[in-house]
Amino acid sequence: MKTLFIVESPGKKQKISKILGPSYNVQASFGHIRDLPSRQLGVDTETWRATYESKNDKAIKNLKYHMKDCNGRVIIATDDDREGDAIAWHCGKLLGVKEGNKNRIIFHEITKRALEKSLENVHELNMNSVNAQQAR
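To start, this report covers the structure provided alongside it. (Residues numbered from 1 in each chain as written. Predicted model: local features only at pLDDT ≥ 70, side-chain atom pairs only at ≥ 80, totals over all residues. Heavy atoms only, no water.)

### A short note on the side chain of aspartate 85
Then, in step 1: Turning to its location among the elements, aspartate 85 is positioned in helix α3 (residues 82-95).
Then, in step 2: One polar contact links aspartate 85 to serine 129, side chain to side chain, over a distance of 2.7 Å.
Then, in step 3: When sequence neighbours within four positions are dropped, the list of residues in contact with aspartate 85 reads Thr78, Asp79, Arg104, Leu125, Asn126, Ser129 and Val130. (Helix = DSSP H or I, 4+ residues; strand = E, 2+ residues; numbered from the N terminus. Polar contact = N/O pair within 3.5 Å; in protein donor to acceptor, adjacent residues only side chain to side chain. Contact = heavy atoms within 4.5 Å.)

### Structural notes on helix α2 (residues 57-69)
Then, in step 1: Its 13 residues give α2 an end-to-end C-alpha distance of 19 Å, which sits within 8% of 18 Å, the value for a rise of 1.5 Å per residue.
Then, in step 2: Turning to α2, its buried residues are Ala59, Ile60, Leu63, His66 and Met67. Projection of α2 onto a plane perpendicular to its axis shows the buried side chains occupying an angular sector of 135°, all on one side. Set apart from the buried face of α2 by more than 90 degrees, the exposed residues are Asp57, Lys58, Lys61, Tyr65 and Lys68.
Then, in step 3: On its buried face, α2 is in contact with β1 (3-7), β2 (24-28), β4 (53-54), β5 (74-76) and α3.
Then, in step 4: Asparagine 71 sits one or two residues past α2 and shows a positive phi near 50°. (Expected span 1.5 Å × (residues − 1). Buried < 20%, exposed > 50% of the residue type's maximum accessible area, 1.4 Å probe, protein only. Arc of directions from axis to C-beta.)

### Observations regarding unusual backbone geometry
Then, in step 1: Phi angles above zero are rare outside glycine, and phenylalanine 30 is one such case at about 60°.
Then, in step 2: For phenylalanine 30, the location among the structural elements is in the loop between β2 and β3 (34-35).
Then, in step 3: One non-glycine residue, tryptophan 48, lies in positive phi territory at about 60°.
Then, in step 4: Along the polypeptide, tryptophan 48 turns up in the loop between β3 and β4.

### Digging into the nonpolar core
Then, in step 1: Ranked by size, the top nonpolar core spans 18 residues in total, and within it Leu4, Ile6, Val74, Cys91 and Leu95 carry the most contacts.
Then, in step 2: Only β1, α2, β5 and α3 provide two or more residues apiece to this core.
Then, in step 3: Ranked by residues supplied to this core, first place goes to α3 with five residues.
Then, in step 4: Excluding its chain neighbours within four sequence positions, the residues that come into contact with valine 74 are Thr3, Leu4, Ile6, Met67, Val97 and Asn103. (Core = buried A, V, L, I, M, F, W, Y, C linked by side-chain atoms within 4.5 Å.)

### Describing the environment of alanine 77
Then, in step 1: By secondary structure assignment, the location of alanine 77 is in the loop between β5 and α3.
Then, in step 2: With 33 residues separating them along the chain, alanine 77 and isoleucine 110 place their C-alpha atoms 11 Å apart.
Then, in step 3: Among residues more than four places away in sequence, those in contact with alanine 77 are Phe5, Ile6, Val7, Arg104, Ile105 and Phe107.

This is the structure:
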């Protein structure tokens with residue numbers, strides 16, 4: 001069974017696919033796929049929760065399509081910063097990934113060794129980082 005492997009940049013997709021091989025379906029989110037609305041307040045003033053709108057329907061449709069082939073198995077490998085954590089959180093939300101699942105990895109170079117090491121250290125999403133990005 002394949003694992004959906006999500007990165008931010010389509011430029012990383014090809015090289016990572018070659019390294020990981022056929023058991024991984026590498027797809028790109030193309031950066032932020034959801035964001036605060038541009039034409040209205042993005043916060044519910046009663047609950048103080050942020051509201052989001054889709055920013056890249058084509059990327060969302062693509063990720064959902066490929067998620068079906070992976071039977072819920074997903075690894076999210078967005079950048080190692082607040083923005084990357086926020087993108088990972090949005091991808092997870094849109095794909096129905098439960099919070100607390102260990103499906104987040106971080107690597108700093110696209111090499112076989114770095115990817116293998118990161119896949120040995122799959123962890124939960126850092127919600128403190130996501131919340132910090134939301135507060136900005």
